[in-house]
Amino acid sequence: MLNPLIDAIFIVISNQQIHKVHTISCAVELNKVLPKLDKDPYKDLFKKNFLIMNALYQLQQELLNDGYYLHISSMHIQLCELKKNTPADKEALRDYYLDWRNYETSQQEIVELLDDFWQQLGTYKPKEKVSNECIKALCIQWDLKYPYDLAQLKKCWRQYAVAHHPDKQSGCTERFKQLKEEYELLKAHLIMVN
């Protein structure tokens, strides 16, 4: 089935910037383009989100033939050139959103999907175990006293995030990503020691 949002979403992502599902929704003015899809507000939101994700995965398949890769996750959607080492997205998620039978779902399934999403979003799992020495070295780099608490870490993170944000003229996307990864490591360490 052809998704009516494909062309509108392509226009938004064609700038090759990083997007999120909610920013795409705002950019295509989803609430103006689509009528209310369900009386239940949760189901209405789910169906609109489903249409966005379905369009993204359809686009992903179409763009591969043109030498482009569309990276898709809820917090990072980006069109880029296809390279040999381009990682594949999770097939289960793609399969779910390309199956139109999932468009009609129950309130309970929506609650379970949202719970799963928030659990995954809130749980950072480092690729490998990080030593205390590594954490202490990061603290020195960050000018963060060890041991630290969450409030100190967040304050430090926000200062670095503002200073290095890619939208700023002096910002750097790679440095920002590195800082975000380091922040997640430091935050995960706090969770492990508490």
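The model shown is predicted, which means the values in this text are computed figures rather than measured ones.

## Observations regarding the overall build of the protein chain
Okay, step 1: Scanning the protein chain from terminus to terminus reveals nine helices and two strands.
Okay, step 2: Starting at the N terminus, the α and β elements of the protein chain follow one another as α-α-α-α-β-β-α-α-α-α-α.
Okay, step 3: Relative to its full complement of 194 residues, the protein chain shows a buried share of 32%.

## What to know about the packing of aromatic side chains
Okay, step 1: Summed over all chains, the structure comprises 12 aromatic pairs.
Okay, step 2: Centroid distance F50 to Y103: 5.8 Å. Interplanar angle 70 degrees. Geometry classified as edge-to-face. A residue pair is termed long-range when its members are at least 10 positions apart, and F50 in helix α4 (residues 41-64) and Y103 in the loop between α5 (91-98) and α6 (107-122) qualify at 53 residues. Each member of the pair F50 and Y103 is classed as buried.
Okay, step 3: Centre to centre, the rings of W157 and F176 are 5.7 Å apart; their planes meet at 45 degrees, and the pair counts as tilted. Remark: F176 occurs in helix α9 (residues 173-193) and W157 occurs in helix α8 (residues 150-164); sequence separation between them is 19 residues. Across the pair, exposure class does not vary: W157 and F176 are buried alike.
Okay, step 4: Here the aromatic residues F46, F50, Y57, Y96, Y97, W100 and Y103 are joined through ring pairs into a cluster of three or more.

## Overview of unusual backbone geometry
Phi is mostly negative for residues that are not glycine, and the peptide bonds are mostly trans.
Okay, step 1: Here the bond from Y146 into P147 is cis, since omega is -5 degrees, no more than 30 degrees from zero.
Okay, step 2: The phi angle at Q16 is positive, at roughly 60 degrees, despite the residue not being glycine.
Okay, step 3: Tracing the chain through its elements places Q16 in the loop between α1 (6-13) and α2 (21-27).
Okay, step 4: Its identity is not glycine, yet D143 carries a phi of approximately 55 degrees, on the positive side.
Okay, step 5: Along the chain, D143 turns up in the loop between α7 (132-142) and α8.

## Things to note about the nonpolar core
Note on soluble globular proteins: their nonpolar side chains tend to be buried together.
Okay, step 1: Membership of the largest hydrophobic core comes to 27 residues, with the highest contact counts inside it found for L5, I9, I24, I52, L56 and L70.
Okay, step 2: Among the secondary structure elements, those contributing two or more residues to this core are α1, α2, α4, β1 (68-73) and β2 (76-81).
Okay, step 3: A per-element tally of this core places α4 first, with 10 residues.
Okay, step 4: Beyond its immediate sequence surroundings of up to four residues, I24 is in contact with I9, V12, I13, H19, I52, L56 and I77.
Okay, step 5: Judged by nonpolar contacts, the second largest core, of 17 residues, contains L153, C156, F176 and Y183.

## Quick look at the environment of M75
Okay, step 1: Take M75: it is sitting in the loop between β1 and β2.
Okay, step 2: In the structure, M75 is positioned 55 residues away from K20 in sequence and 4.8 Å away in space, judged by C-alpha atoms.

## What to know about the environment of L98
Okay, step 1: Summarising the element assignment, L98 is placed in helix α5.
Okay, step 2: When its relative accessible area of 25% is taken as the criterion, L98 is described as partly exposed.
Okay, step 3: Put simply, L98 and M1 are 97 residues apart on the chain and 9.4 Å apart in space, counted from C-alpha to C-alpha.
Okay, step 4: Leaving out residues up to four positions away in the same chain, L98 has contacts with N54, Y57, Q58 and Q61.

## Description of the confidence of the model for the protein chain
Okay, step 1: Of the residues in the protein chain, 86% have a pLDDT of 70 or more, and the chain-wide mean is 83.
Okay, step 2: Taking the mean pLDDT of every element in the protein chain, the minimum, 69, falls on α6 and the maximum, 92, on α1.

Thresholds applied
Residues numbered from 1 in each chain as written. Predicted model: local features only at pLDDT ≥ 70, side-chain atom pairs only at ≥ 80, totals over all residues. Heavy atoms only, no water. Helix = DSSP H or I, 4+ residues; strand = E, 2+ residues; numbered from the N terminus. Buried < 20%, exposed > 50% of the residue type's maximum accessible area, 1.4 Å probe, protein only. Phe/Tyr/Trp six-rings, centres within 6.5 Å; stacked < 30°, edge-to-face > 60°. Core = buried A, V, L, I, M, F, W, Y, C linked by side-chain atoms within 4.5 Å. Contact = heavy atoms within 4.5 Å. pLDDT = per-residue confidence, 0-100.

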